[in-house]
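Results of the structural survey
Take a look at the letters that make up each chain.
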Amino acid sequence: MTYIIKHRELIRAIIQHMGNEVNVIGHRAGLHILLEVKGYDSEQLIEKARQHSIKVYSPRNHWLDQLQCPSSYVMLGFGGIDGETIEEGIQLLRQAWFGPQHTYGQKSF
């Protein structure tokens, strides 16, 4: 699966499974997606993901002034992910962040 196809699949899965809970704001950033997760702090999100064996990252280290990086931003890398596991991974990430019974609104771009 090419990177462009993985990128599209990742965006589609995020929109489908996380709806209005997130804004995809950095989708032209190479092999990463930058997300704003509304109402959450990135450190909490990173820890919740880690507890489910998912790696997400703070984009702070990539900010010229790290203090200017919004606390609700997280980065998802997809370069090393098998394209067939993207859907499952986003579903698991949604459960880690919002709980298994969480409902959300749909979002269109």
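Right, let's walk through the structure included here. (Residues numbered from 1 in each chain as written. Predicted model: local features only at pLDDT ≥ 70, side-chain atom pairs only at ≥ 80, totals over all residues. Heavy atoms only, no water.)

Of regular secondary structure, the chain possesses 3 helices and 3 strands. When the helices and strands of the chain are listed from N to C terminus, the series reads α-β-β-α-β-α. When the 109 residues of the chain are sorted by exposure, 40% land in the buried category. Partitioning the intrachain contacts of the chain with sequence separation of at least 6 by distance along the chain shows that 63% fall at a separation of at least 24. (Helix = DSSP H or I, 4+ residues; strand = E, 2+ residues; numbered from the N terminus. Buried < 20%, exposed > 50% of the residue type's maximum accessible area, 1.4 Å probe, protein only. Contact = heavy atoms within 4.5 Å.)

Among the 5 residues of strand S3 (residues 73-77), 4 are classified as buried, and the element is accordingly described as predominantly covered. The sheet contact formed by strand S2 (residues 32-37) and S3 spans 5 bridges and is antiparallel. Following the sheet pairing, Glu-36 is matched in S3 by Tyr-73. (Pairing = 2+ DSSP bridges.)

Applying the stated criterion across every chain yields a total of 3 aromatic pairs. Each ring, one from Tyr-40 and one from Phe-98, has its centre 5.5 Å from the other, and the planes form 70°; the classification is edge-to-face. Note that Tyr-40 is positioned in the loop between S2 and helix H2 (42-51) and Phe-98 in helix H3 (residues 86-98), a separation of 58 residues in sequence. For Tyr-40, a relative accessible area of 24% puts it in the partly exposed group. Given a relative accessible area of 10%, Phe-98 falls into the buried group. Here the aromatic rings of Trp-63 and Tyr-73 are separated by 5.9 Å at their centres, their planes lie at 65°, and the arrangement is edge-to-face. One end of the pair, Trp-63, is in the loop between H2 and S3; the other, Tyr-73, is in strand S3, and 10 residues separate them in sequence. Residue Trp-63 is classed as partly exposed on the basis of its relative accessible area of 27%. For Tyr-73, a relative accessible area of 16% corresponds to the buried category. (Phe/Tyr/Trp six-rings, centres within 6.5 Å; stacked < 30°, edge-to-face > 60°.)

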